[in-house]
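Remarks on the overall topology
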Amino acid sequence: MINEGPGTAYQSGSFALNCRPLLRTLMASAAIAAALTLAGCDTDGGVVPSGRALAPLSDKMLAEIEQKNMSKESPILVRLFKEESELEVWKQDNAGRFELLKTYPICRWSGELGPKIKLGDRQAPEGFYTITPGQMNPNSNYYLAINTGFPNSFDRANGRTGDFLMIHGDCSSAGCYAMTDEQIAEIYALARESFFGGQKAFQIQAYPFRMTPLNMAKHRDSPHMAFWKMIKEGNDHFEVTRREPKVDVCDKRYVFDAAAPNGRRVR
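Our subject in this report is the structure included herewith. Owing to the predicted nature of the structure, the values given are computational and were not obtained by experimental measurement.

A short note on the sheet that holds strand 7 (residues 136–137)
With respect to topology, five strands assemble into an open sheet ordered 5-10-9-8-7, the strand pairing being mixed. If you trace the sheet from one side to the other, it starts and ends with strand 5 (108–109) and strand 7, each paired once.

Observations concerning helix 7 (residues 225–241)
The α-helix advances 3.6 residues per turn, and as a result positions three or four apart in sequence lie on the same side. Compared with an ideal rise of 1.5 Å per residue, which puts 17 residues at 24 Å, helix 7 spans 24 Å between its outermost C-alpha atoms and is within 8% of the ideal. Taking the largest bend as the criterion, helix 7 deviates by roughly 25°, centred on Lys 232. Taken residue by residue, helix 7 has Met 225, Phe 227, Trp 228, Met 230, Ile 231, Lys 232, Gly 234, Asn 235 and Phe 238 as its buried positions. Positive phi appears at Arg 242, one or two residues downstream of helix 7, with a value of about 55°.

A look at the pattern of salt bridges
Tallied over the entire structure, the rule returns 15 salt bridges. Taking the shortest distance from any N to any O, the salt bridge between Lys 82 and Glu 126 comes out at 3.0 Å. Of the two residues, Lys 82 is situated in the loop between strand 2 (76–81) and strand 3 (86–92) and Glu 126 in the loop between strand 5 and strand 6 (127–131); the sequence distance between them amounts to 44 residues. Take Lys 82 and Glu 126: they sit in the same class, and that class is buried. A salt bridge links Arg 210 to Glu 88; the shortest N-O distance between them is 2.8 Å. On the criterion of sequence distance, the pair formed by Arg 210 in the loop between strand 11 (202–207) and helix 6 (213–218) and Glu 88 in strand 3 is long-range, its members being 122 residues apart. Using a relative accessible area of 24% as the deciding quantity, one classes Arg 210 as partly exposed. Each of the salt bridges in this network shares a partner with another, and the network as a whole consists of Arg 79, Glu 86, Glu 88, Arg 210, Glu 239 and Arg 242.

Description of unusual backbone geometry
Omega for the bond connecting Phe 150 with Pro 151 falls within 30 degrees of zero, at 0°, which places this linkage in the cis form. With respect to the secondary-structure elements, Pro 151 resides in the loop between strand 8 (145–147) and helix 4 (153–157). Backbone geometry places Phe 164, a non-glycine residue, at a positive phi of 55°. Residue placement: Phe 164 occurs in the loop between helix 4 and strand 9 (166–168). You can call Phe 164 partly exposed: its relative accessible area is 22%.

Section: the side chain of Glu 186
The topology assignment puts Glu 186 in helix 5 (residues 181–196). Within polar-contact distance, the side chain of Glu 186 engages the side chain of Tyr 104 at 2.7 Å.

Overview of the sheet that holds strand 3
Read from one edge of the open sheet, five strands run 4-3-2-11-6, paired in mixed fashion. If you trace the sheet from one side to the other, it starts and ends with strand 4 (98–105) and strand 6, each paired once. Sheet twist, expressed as the average angle between the axes of neighbouring strands with direction ignored, equals 20°. Both strand 6 and strand 11 contribute to a ladder of five bridges, which runs antiparallel. Bridge pairing in strand 11 places Thr 130 opposite Gln 203. Docked against the sheet, helix 5 engages strand 2, strand 3, strand 4, strand 6 and strand 11, running at close to 155° with respect to strand 4. Docked against the sheet, helix 7 engages strand 2, strand 3, strand 4, strand 6 and strand 11, running at close to 130° with respect to strand 11.

Notes on the state of the cysteines
In a disulfide, the sulfur atoms of two cysteines are covalently bonded to one another. For the coordinates displayed, the defined rule picks out one disulfide. Linked covalently through their sulfurs, Cys 107 and Cys 171 form a disulfide whose S-S length is 1.7 Å. Disulfide Cys 107-Cys 171: the torsion about the S-S bond is -70°, which places it as left-handed. Of the two residues, Cys 107 sits in the loop between strand 4 and strand 5 while Cys 171 sits in the loop between strand 9 and strand 10 (177–178), which places them 64 residues apart along the sequence.

Remarks on the nonpolar core
Grouped together as the largest cluster of nonpolar side chains are 38 residues, with contacts concentrated most on Leu 80, Leu 87, Val 89 and Phe 202. No other element matches helix 5, which puts eight residues into this core. Residues within four places of Val 89 in sequence aside, it is in contact with Ile 76, Leu 77, Val 78, Leu 100, Leu 101, Lys 102, Tyr 104, Ile 187 and Leu 190.

Observations regarding the side chain of Gln 199
As for its position among the elements, Gln 199 is in the loop between helix 5 and strand 11. Judged by relative accessible area, Gln 199 falls into the buried class, the value being 5%. Polar side-chain contacts of Gln 199 include one of 2.9 Å to the backbone nitrogen of Ile 76.

Cut-offs applied
- Residues numbered from 1 in each chain as written.
- Predicted model: local features only at pLDDT ≥ 70, side-chain atom pairs only at ≥ 80, totals over all residues.
- Heavy atoms only, no water.
- Pairing = 2+ DSSP bridges.
- Helix = DSSP H or I, 4+ residues; strand = E, 2+ residues; numbered from the N terminus.
- Expected span 1.5 Å × (residues − 1).
- Bend = angle between axes of the 7 residues up to and from the residue.
- Buried < 20%, exposed > 50% of the residue type's maximum accessible area, 1.4 Å probe, protein only.
- Salt bridge = Lys/Arg side-chain N within 4 Å of Asp/Glu carboxyl O.
- Polar contact = N/O pair within 3.5 Å; in protein donor to acceptor, adjacent residues only side chain to side chain.
- Axes fitted to C-alpha atoms, helices over the stretch in contact; angles between N-to-C directions.
- Contact = heavy atoms within 4.5 Å.
- Disulfide = S-S within 2.5 Å.
- Core = buried A, V, L, I, M, F, W, Y, C linked by side-chain atoms within 4.5 Å.

By themselves, these figures tell us nothing about what the structure is for.
Here it is in structure tokens:
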């Protein structure tokens, strides 16, 4: 059993430092280190973090966050839907549940419906991915970038290959999810502020389409249907609970909120 998910290792509020300047320094250091090693879909543009990576959230976004009973630094969660070309940012409200903050149109995504299988297939990944501060690239040649972390434990267990698949700006994709520069700047800032607030990692849920019964029926003849039914379990958990599903990998399958007979979480 491989522990994949951010649900336990990265519980909200489990990573907090009393000294915010120190956290900001650590965040910047991790981002610089990541920028020096990124390649493939994205390459770095230097060793000094760009000013755009530190751009503040707009007054309009701050007002929307407050109106929805959230704090600027509360945890986030991201969902991607290929067929609808939409990226959602969800944010934890004061009651501890995730609520939709904003939906962004994806400028461009690469490949077809279905998961990424191998290096060079130009497919944007599908599945559940964990994003840490070190995966934030402030020096991207594509304005700003967030490394999805492909391949994750599930991908590796199934022999899937490829690396450095991003959510980035510049509206150009080769296996990535491309946004406009303005969009990625706001998404990046929302993630940055959640890290400053104590979130150790946030979850990306990448789907081929909205996992409705109608869409599942429409695509029932796809060779990827077994995979889609599996990740739909995680989607359904989130839709019902509005809480981040705990994700594990067992026998080459995603397992959501697994528990042992003694009530403890399976590892």
